[in-house]
Amino acid sequence: MSIIPTSRTAPDLETERLRLRGLRASDLDSFQQMYSDPLVYRLLTGKPLSREDAWARMLRLVGLWELSGYGYWALEDKITGALAGIAGYAEFHRTIEPKIVCKPEFGWALASPFHGRKLSTEAVAAIQAWGDEEIDADETSCVIATTNAPSIHLAHKIGFRTVAEGPYNDVQHMVLLRQRP
């Protein structure tokens, strides 16, 4: 497998209830608020993000498009225009076994006011369809905290299978893989 980076930005996608678009500087307040909510950060970063750390995370997610040819989308609620969450592919080069280097890593996070509405399912289905067409990789991965039952359920639902479990940043995580159809 070879991933050939291309210069690009997040293409606009749409689902029934969401606009999927690139992150914008104007998303910073909502992004930081999402990552300051214990219902969100306890399963992702383990601690609330400061404004500076939220900005650095946003820059990293936006920069993925330039360096990898894929990245994360902002999930915008069509009715309110609010940032409902983020989802997409990344190359984080995590230090976890089994090593998943060079496997695009699929991930998602929703702001807590949007939990329980199946918006993650809607967003990841659209992004996975895009990835199956656009990403030159036979396999993608997910790394999910073992305590994150909703995300583990969703990952299995969209075709990921658990291949390993191990610590990442002192928290037990599952490594999941999915073959492209």
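Refer to the preceding data block for the structure.
Residues numbered from 1 in each chain as written. Predicted model: local features only at pLDDT ≥ 70, side-chain atom pairs only at ≥ 80, totals over all residues. Heavy atoms only, no water.

**Student:** Kindly report on the overall build of the protein, identifying the contributing residues and their values.
**Tutor:** Assigned secondary structure in the protein consists of 5 helices and 8 strands. Its helices and strands taken in sequence order, the protein reads β-β-α-α-α-β-β-β-α-β-α-β-β from the N to the C terminus. Computed over the C-alpha atoms, the radius of gyration of the protein is 15 Å, within 12% of the 16 Å expected from 2.2 N^0.38 for a compact globule of 181 residues. In terms of overall dimensions, the protein has a C-alpha envelope of 40 × 35 × 30 Å along the principal axes. Burial statistics for the protein: of 181 residues in total, 49% are counted as buried. For the protein, contacts bridging at least 24 residues in sequence account for 64% of all contacts bridging at least 6. As displayed, the protein offers around 9,200 Å² of accessible surface, 52% of which is attributable to carbon and sulfur atoms. If the 20 positive side-chain charges of the protein are averaged to one point and the 23 negative ones to another, these points end up 3 Å apart. (Helix = DSSP H or I, 4+ residues; strand = E, 2+ residues; numbered from the N terminus. Rg over C-alpha atoms; globule rule 2.2 N^0.38 Å. Buried < 20%, exposed > 50% of the residue type's maximum accessible area, 1.4 Å probe, protein only. Contact = heavy atoms within 4.5 Å. Areas by Shrake-Rupley, 256 points an atom, 1.4 Å probe, with all protein chains shown as cover. Lys, Arg positive; Asp, Glu negative; His and termini not counted. Charge placed at Lys NZ, Arg CZ, Asp CG, Glu CD.)

**Student:** Please provide a residue-by-residue account of the pairing of strand 3 (residues 72-77), values included.
**Tutor:** With 6 of its 6 residues buried, strand 3 lies for the most part within the structure. Pairing of strand 2 (residues 18-21) with strand 3 involves 4 bridges; the strand directions are antiparallel. Looking across to strand 3, one finds that Arg-21 is bridged to Ala-74. The pairing of strand 3 with strand 4 (residues 83-90) spans 5 bridges and is classified as antiparallel. The residue of strand 4 that forms the bridge with Tyr-72 is Gly-88. Taking the residues that link successive antiparallel strands as the turn, the strand 3-strand 4 hairpin has 5 residues, and the phi of Gly-81 there is positive, at about 80°. (Pairing = 2+ DSSP bridges.)

**Student:** Account for the nonpolar core, with residues named and values stated.
**Tutor:** Of all hydrophobic cores here, the largest spans 50 residues; its most connected members are Phe-31, Ile-86, Phe-106 and Trp-108. The contact partners of Phe-106, leaving out residues within four places of it in the chain, are Gly-88, Tyr-89, Val-124, Ile-127, Gln-128, Ser-141, Cys-142, Ile-158 and Phe-160. Of all hydrophobic cores here, the second largest spans 5 residues; its members include Ile-96, Val-143, Ala-164 and Tyr-168. (Core = buried A, V, L, I, M, F, W, Y, C linked by side-chain atoms within 4.5 Å.)

**Student:** Hey, could you go over the environment of Glu-133 for me, with residue numbers and the actual values?
**Tutor:** Relative to the assigned elements, Glu-133 resides in helix 4 (residues 119-134). Remark: the alpha-carbon pair of Glu-133 and Arg-180, spanning 47 residues in sequence, is separated by 9.4 Å.

**Student:** Describe unusual backbone geometry, listing the residues and the values that go with them.
**Tutor:** Not every positive phi belongs to a glycine, and Lys-118 is a case in point at roughly 65°. Tracing the backbone shows Lys-118 in the loop between strand 5 (105-110) and helix 4. For Lys-118, a relative accessible area of 59% gives the class exposed.

**Student:** Explain the pairing of strand 5 to me, using residue names and the numbers behind them.
**Tutor:** Along strand 5, 6 of the 6 residues are buried, which leaves the element largely enclosed by surrounding structure. Residue alternation in strand 5 divides its side chains into two sets, Glu-105, Gly-107 and Ala-109 and Phe-106, Trp-108 and Leu-110, and both sets are buried. Taken together, the 6 bridges between strand 4 and strand 5 define a ladder with antiparallel strand orientation. Its bridge partner being in strand 5, Ala-90 is matched across the sheet by Glu-105.

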